Amino acid sequence: MLATAIILFREVLEAALIIAIVLGASRGVADRGRWVLIGVGGGLAGAAAVAGLASTASALLTGEGQALLNAGILLTAVGMLTWHNVWMSSHARELKAELSAVGAEVQSGAKPLAALAMITAMAVMREGSEAVLFLWAIAAGGEGRSAMGVGAVLGVGAGVLAGALLYRGLLRIPVRHFFSVTSWLILFLAAGLSAQAAGFLNQAGLLPALGQGLWNTSKWLDQNSLAGQILHVLVGYVASPSGIQILFYFATLCVILVLMYRPRWRSL
Amino acid sequence: MSLFRWLPTAALVLAGVAAGPLLAAENGTVITIHNGKFEPAELKLPAEGRSRITVRNQDAMPAEFESVSLSREVVVPPRGEVSFFVGPAAPGRYEYFNDFNHDMKGTVVLEAAGGH
């Protein structure tokens, strides 16, 4: 039971943390809750579809297909996070003013709501497909099924709780600093996801590694420990990164920073 | 003008450098998941080239082949198979495990061409 709970917790944690960050980052944007729910629903449907394809051993997920699919999902999320951050960089001031005026929500402009739904859907789909595949196997299996079912519910619950805690924590940040904190969080989140995508593209043989495992910090911080996994989501911690991952990480950081601060530089 | 003359050459060289690892001679091998074990538990591959590892799952449970040191992560559906590439990488022992069942472990040993 505990083993199942831990596996499900780990699968759910990444998606939950990502959703908590984008929910926090879009604080004050009207209708965001509904769009995030649409994203969760879409992501679950996508996860079930991927898991279904996997169980029929579809060509999409055998061979190198799976790595390509993962890279595609991750890069889509990176694009959406970039859009979100660029939009926030030019609207943070009005959002801040509105938030200070208790409960009011911003109504103006093309909001990154579609981006919000997409990021949520991608996060849920990527982690969810593994969870669904695992749960199906449990459901199909015989002995110990109910104990594993309880474990699964506990694991999913704990993952969602971790996301909720992060979200509550974010809300405690004073409004004055709030959007700069969340946009930095999104920046590092996007860079980390981009590095993961590079890893998958290398795994599929489409990109050179530019040095496999340039260093290994597993001794100091195991990537599969709880702290390692949280840092993996938040800042893209990889215990043994390849050159191409580092390249993607910093290239993404630079591109998003330039896009975020470009309006400000222009006005100087 | 001279710039344009050597540009195609430079592009070709760059493309060659980028494609080099992709076109390098390929070694292929299979790891089988059978009765909750990786077989063979230890696998030897050359460190220099690029090798394709196919993971074939004969069990009814899905597995997630994961190696932190090789930075590889792939879900293997029940009775399904997936493949991915490793290398070129520094010679050494690279451990992997099943993220859905941490008791299942194995090692990929990358060896230098000269042997020992």
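Here's what I pulled together on the structure shown here. (Residues numbered from 1 in each chain as written. Chains lettered and ligands numbered in written order. Predicted model: local features only at pLDDT ≥ 70, side-chain atom pairs only at ≥ 80, totals over all residues. Heavy atoms only, no water.)

What follows concerns the side chain of E64(B). By the element assignment, E64(B) lies in strand β5 (residues 63-67). Among buried Asp, Glu, Lys and Arg side chains, E64(B) stands out as unpaired, with R126(A) the closest opposite charge at 6.4 Å. For E64(B), the contacting residues outside a window of four places in its chain are E11(A), E130(A), E73(B), V74(B), V75(B), F97(B), N98(B), D99(B) and F100(B). (Helix = DSSP H or I, 4+ residues; strand = E, 2+ residues; numbered from the N terminus. Buried < 20%, exposed > 50% of the residue type's maximum accessible area, 1.4 Å probe, protein only. Lys, Arg positive; Asp, Glu negative; His and termini not counted. Salt bridge = Lys/Arg side-chain N within 4 Å of Asp/Glu carboxyl O. Contact = heavy atoms within 4.5 Å.)

A few words now on the pairing of strand β3 (residues 42-46) of chain B. All names here are of chain B. Because side chains alternate across β3, one face comprises the buried residues L43 and L45, and the other comprises E42, K44 and P46, none of which is buried. Sheet analysis places β3 next to strand β9 (residues 101-111), joined by 5 bridges and oriented parallel. Across the sheet, the residue bridging to L45 is L110, located in β9. (Pairing = 2+ DSSP bridges.)

Take the sheet that holds β9(B) next. All names here are of chain B. Spatially, β3-β9-β8-β5-β6 is the arrangement adopted by the 5 strands of the open sheet, whose pairing is mixed. Of all strands in the sheet, those bounded by a partner on one side alone are β3 and β6 (72-76). Direction aside, neighbouring strands of the sheet carry axes that sit 25 degrees apart on average. Note: β5 against β6, 5 bridges, orientation antiparallel. Across the sheet, residue A63 finds its bridge partner in β6, namely V76. (Axes fitted to C-alpha atoms, helices over the stretch in contact; angles between N-to-C directions.)

Turning to the packing of aromatic side chains, a few remarks are in order. Enumeration according to the criterion identifies 8 aromatic pairs over all chains in this entry. Here F178(A) and F179(A) contribute two aromatic rings whose centre-to-centre distance is 5.1 Å and whose plane-to-plane angle is 90 degrees, an arrangement assigned as edge-to-face. Accessibility classification places F178(A) together with F179(A) in one group, the buried group. Aromatic pair F38(B) and F65(B): ring centres 6.1 Å apart, planes at 85 degrees, arrangement edge-to-face. Separated by 27 residues along the polypeptide, F38(B) in strand β2 (residues 37-39) and F65(B) in strand β5 bring together distant segments of the chain. For the pair F38(B) and F65(B), a shared accessibility class is recorded, and that class is buried. Ring pairs connect the aromatic residues F38(B), F65(B), F84(B) and Y96(B), which therefore count as one cluster. (Phe/Tyr/Trp six-rings, centres within 6.5 Å; stacked < 30°, edge-to-face > 60°.)

With that settled, consider the pattern of salt bridges. The tally for this structure, following the rule as stated, stands at 8 salt bridges over all chains. R34(A) is the salt-bridge partner of D31(A), the closest N and O atoms lying 3.2 Å from each other. Taking the shortest distance from any N to any O, the salt bridge between E42(B) and K44(B) comes out at 3.9 Å. The exposure class assigned to E42(B) is partly exposed, which follows from its relative accessible area of 38%.

Quick look at the pairing of β5(B) now. Residues and elements named next belong to chain B. For β5, the buried fraction is high: 5 of the 5 residues fall into the buried class. The turn joining β5 and β6, which pair antiparallel and follow one another in sequence, is formed by 4 residues; a positive phi near 40 degrees is taken by S71. Note that β5 and strand β8 (residues 92-98) share 2 bridges and pair antiparallel. Opposite E66, over in β8, you have F97 as the bridge partner.

Here the focus is the side chain of S242(A). All names here are of chain A. Among the secondary structure elements, S242 is positioned in the loop between α7 (226-235) and α8 (243-266). Residue class for S242 comes out buried when judged on its relative accessible area of 1%. Once you skip the residues sitting within four places of it in the chain, S242 turns out to touch A209, G211, Q212, G213 and L214.

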